[in-house]
Amino acid sequence: MTQFSAATEGVVKRLRDGMAGGVLSFPLTSFREDGSLDLEAYRAYLTAQLDNAPGAVFPACGTGEFFSLDEDEYRAVVGATVEVADGRLPVVAGIGYGWAQALRFARIAEEAGADAALVLPHYLVAAPQEGLVEQLRRIASGTSLPLIAYQRGQVAFTADSLRRIAEIPTVIGLKDGHSDLDRLQRLTLAAPDGFLFFNGASTAEIQARAYATVGVPAYSSAVHAFAPEIANAFFAALGDGDDAGVTELLRDFYVPLVELRDRVPGYAVSLVKAAARLRGLPVGPVRAPLTDPGPEDLAALTKVLDDGLNVVGAVGLSA
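Residues numbered from 1 in each chain as written. Predicted model: local features only at pLDDT ≥ 70, side-chain atom pairs only at ≥ 80, totals over all residues. Heavy atoms only, no water.

**Concerning a nonpolar patch on the surface**
Quick reminder of the rule: For patch detection, residues must exceed 30% relative accessible area and be free of salt bridges, and they are connected within 9 Å for like charges or within 5 Å for nonpolar side chains (Val, Leu, Ile, Met, Phe, Trp, Tyr). Per-residue and other accessible areas were derived by the Shrake-Rupley procedure at a 1.4 Å probe size, with only the shown protein chains allowed to occlude residues. When a carboxyl oxygen of Asp or Glu lies within 4 Å of a side-chain nitrogen of Lys or Arg, that pair is called a salt bridge. Going along the chain from the N terminus, every DSSP run of H or I of four or more residues is numbered as a helix, and every run of E of two or more is numbered as a strand. Three labels apply to residues, based on accessible area from a 1.4 Å probe with only protein chains included: buried if under 20% of the type maximum, exposed if over 50%, partly exposed otherwise in between.
On the surface, a cluster of nonpolar side chains totalling about 370 Å² of accessible area is made up of Tyr123, Leu124 and Val125. Along the chain, the position of Tyr123 falls in the loop between strand 4 (116-119) and helix 5 (129-141). Given a relative accessible area of 59%, Tyr123 falls into the exposed group.

Right, here's the structure in full:
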């Protein structure tokens, strides 16, 4: 069993309970047309998101365009999230780049009242396993926030490295974005009891059934950022063992959404934001280097979204 401090154990329990009860929400960050941060709009958007029962909220991560925020904007976004959440569910802030910069963000998140931090993959370069472990050690040494490692891109832990990061007292879990189920199964078997895992693949619902077979049923949901009715219906169907319901949503909504997402680099965020705008949510445009979808892709997105809303009995865009 992993030995956590009482404070860290409290966060772990809240996250574990949240993961069992709902999808993990990764909210969008609201910008004005000139690209400036629109904090008032973000608060309004986030309030609507949290009213739809996610298990935890992860502000300023990939979907929230962490890579485009300066430190003052980051402080404002995390602080607003903590205020809107008001203790109802855990707030896990994104941090990243090299360990020194990640630690600066971690300290800002800690001061803003976040419950934990998600350590996004470091910038650009590949690194050996010892370096990946040391990165987390360095961050953990400078903040008391519980940390969740995120393996994706150039970050991929071996079973031995997983054991070593799990020995760091404040490293509490792993988000997986590689979808290598052989590797993931080895990691779950190497981890101590109580260590958290969740599926962080792009459009994670596509692989949710597969992840569950290796003991990782929890997942993040970008769809919750614009269509919580669909995200929650899928989560319920999966939890209830409703294979027909899961299959229908995958076939009629998630697979078409992924096929559209794969057309253009960056659409994993840009399409999510466009879908939120289609639903009247105050999120604004993406920031460069991302680009908003053009008319043809917006029309295709409208149809995909309408189809998904119709499957779950929600009001479509054309109603």
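**Observations regarding the side chain of Arg287**
As a reminder of what qualifies: By the criterion applied in these results, polar contacts are pairs of N or O atoms within 3.5 Å in which, for protein atoms, one can donate a hydrogen and the other can accept it, and in which residues neighboring in sequence qualify only through two side-chain atoms. Whether two residues touch is decided by their heavy atoms; if any such pair falls within 4.5 Å, the residues are in contact.
In this fold, Arg287 is placed in the loop between helix 11 (267-278) and helix 12 (295-311). Under the relative-accessibility criterion, Arg287 is labelled buried at 15%. Among the polar contacts made by the side chain of Arg287, one reaches the main-chain carbonyl oxygen of Ser68 at a distance of 2.6 Å. A distance of 2.7 Å separates a polar atom in the side chain of Arg287 from a polar atom in the side chain of Glu73. Here Arg287 is in contact with Phe31, Gly35, Ser36, Leu37, Glu65, Ser68, Leu69 and Glu73, once residues within four sequence places are set aside.

**Structural notes on unusual backbone geometry**
A cis amide bond, omega 20°, links Ala288 with the succeeding residue Pro289. Its place among the elements puts Pro289 in the loop between helix 11 and helix 12. For Ser179, which is not glycine, the phi dihedral falls at a positive 60°. At Thr203, a residue that is not glycine, the phi angle is positive and equals roughly 50°. Mapped onto the elements, Thr203 comes out in the loop between strand 7 (196-199) and helix 8 (208-213).

**Brief notes about the nonpolar core**
Using the following cut-off: Side-chain atoms within 4.5 Å link the members of a nonpolar core, which is a set of buried Ala, Val, Leu, Ile, Met, Phe, Trp, Tyr and Cys residues.
Counting 109 residues, the largest nonpolar core has Phe58, Tyr74, Ile95 and Phe226 as its most contacted members. Look past the residues within four positions of Tyr74 in its chain and what remains in contact with it is Ala60, Phe66, Leu69, Ala93, Gly94, Ile95, Phe105, Ile108 and Ala109.

**Overview of the packing of aromatic side chains**
Aromatic rings in a pair are described by how distant their centres are and how their planes are angled relative to each other. Rules: Put simply, two rings from Phe, Tyr or Trp (the six-membered ring, in Trp's case) pair if the centres are within 6.5 Å, and we call them stacked under 30 degrees between planes, edge-to-face over 60, tilted for the rest.
All chains considered together, the criterion is met by twelve aromatic pairs. Summarising the aromatic geometry, the rings of Tyr74 and Phe105 are spaced 4.7 Å apart at their centres and angled 80° between planes, so their arrangement reads as edge-to-face. One end of the pair, Tyr74, is in helix 3 (residues 71-85); the other, Phe105, is in helix 4 (residues 99-112), with 31 residues separating them in the sequence. Each member of the pair, Tyr74 as well as Phe105, is classed as buried. For the pair Tyr219 and Phe234, a centre-to-centre distance of 6.3 Å together with 85° between the ring planes defines the contact as edge-to-face.

**Section: the pairing of strand 7**
As a reminder, the rule being used: Two strands qualify as a pair provided DSSP detects at least 2 bridges between them. A clockwise path from the first strand over the helix to the second, with the strands pointing away from the viewer, defines a right-handed crossover.
Neither face of strand 7 is exposed, since Leu196 and Phe198 on one face and Phe197 and Asn199 on the opposite face are all buried. Strand direction decides the pairing type here: strand 6 (residues 171-176) and strand 7, joined by four bridges, are parallel. Counted as the bridge partner of Lys175 is Phe198 from strand 7. For the crossover that starts at strand 6, traverses helix 7 (residues 181-190) and ends in the parallel strand 7, the hand is right-handed.

**Quick notes on the environment of Ala204**
When you line up the elements, Ala204 lands in the loop between strand 7 and helix 8. Residues Ala204 and Ala222 lie 18 residues apart in sequence; the distance between their C-alpha atoms is 8.0 Å. Ignoring sequence-local partners within four residues, the contact set of Ala204 consists of Asn199, Tyr219 and Ser220.

**Comments concerning the sheet that holds strand 1 (residues 24-25)**
Read across the open sheet, the three strands follow the order 2-1-8; overall the sheet is parallel. Each edge of the sheet is formed by a strand with only one pairing partner; in this case those strands are strand 2 (56-57) and strand 8 (220-221). Note: strand 1 against strand 8, two bridges, orientation parallel. Opposite Leu24, over in strand 8, you have Ser220 as the bridge partner.

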